[in-house]
Each structure stands twice: as structure tokens, then as C-alpha cells.
Amino acid sequence: GAFLGALYPHFEFRDCQQVSFILQLSLGGTVALSSAKTFGGLRQAAWRELSPTLSGYGLDPAAFCVATCLAELPRLLLITLAF
């Protein structure tokens, strides 16, 4: 990204809306793939913590999702900046 930025220092995205659209789709796909890692590894822990039985705490699923997203936010921001 920095190399292309150095090659075209006066480029503006409003001049070429297709490039901006593809860039946004690529960025969204990159973040979506990294988010899959966030919840994929916690699936067993989520079932355990969210179950209302004696072994689980019966936590709110929305609170679990928000807490997981907040904990992973710095990593997702770094991945986004690296793109």
C-alpha cells in the first residue's frame, strides 16, 4: 500500500469510484476472515459459559459477543491498518 501511495501521491478516490468500492470490499473481506478466527476458537467456551446448567454460568449471548468483540478490537484494528 505504501509503495503504491508513493507512486501516485496525487490520486484521489473520488476520481475513480470503482477502485474505492473494490478497496472497501477487500477490506471488509479481510476483516470478516479475521473475525471468523475470533469466534471459531471460542465455540466450545461459548457453549460452556452460555449453558444454563450447573457447569455453565448462563451468561447473556449478546454480552458474550460484545465482550469478545471488544477484546479482539485491537487485533482487528491492526489487521485493518496493515491492509
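Model, not experiment: these values are computed from the prediction.

J.: Tell me about helix α4 (residues 61–82), and please be specific about residues and values.
T.: The terminal C-alpha atoms of α4 lie 31 Å apart, and with 22 residues this matches the ideal 32 Å at 1.5 Å per residue to within 8%. Along its length, α4 reaches its greatest deviation from straightness, about 50 degrees, at L73, and the proline P74 lies no more than four positions downstream. Residues of α4 that are buried include every one of F64, T68 and L76, and no others.

J.: With reference to specific residues and values, describe the environment of T38.
T.: Considering the arrangement of structural elements, one finds T38 in helix α2 (residues 17–40). Spatially, the C-alpha atom of T38 lies 9.6 Å from that of A71, the residues being 33 residues apart in sequence. Aside from chain neighbours lying at most four places away, what touches T38 is T68, E72 and R75.

Conventions adopted
- Once a new chain begins, its residue numbering starts again from 1 and follows that chain's sequence as written.
- Confidence filtering applies because this is a predicted model: local features only for residues at pLDDT of at least 70, side-chain atom pairs given and counted only at 80 or more, and all residues used for totals across whole chains, interfaces and linings.
- To obtain the side-chain values, all non-hydrogen atoms of the structure were used and water was disregarded.
- Secondary structure elements follow DSSP: runs of H or I of four or more residues count as helices, runs of E of two or more count as strands, with numbering from the N terminus.
- A helix is expected to span 1.5 Å for every residue after the first.
- In this scheme, the bend at a residue equals the angle between the axes fitted to the seven residues that finish there and the seven that begin there.
- Under the scheme applied here, a residue whose accessible area is under 20% of the maximum for its type counts as buried, over 50% as exposed, and between as partly exposed, the area being computed with a 1.4 Å probe on protein chains only.
- Residues are treated as being in contact if the distance between any of their heavy atoms lies within 4.5 Å.

As far as function goes, none of this settles anything; it's purely spatial.
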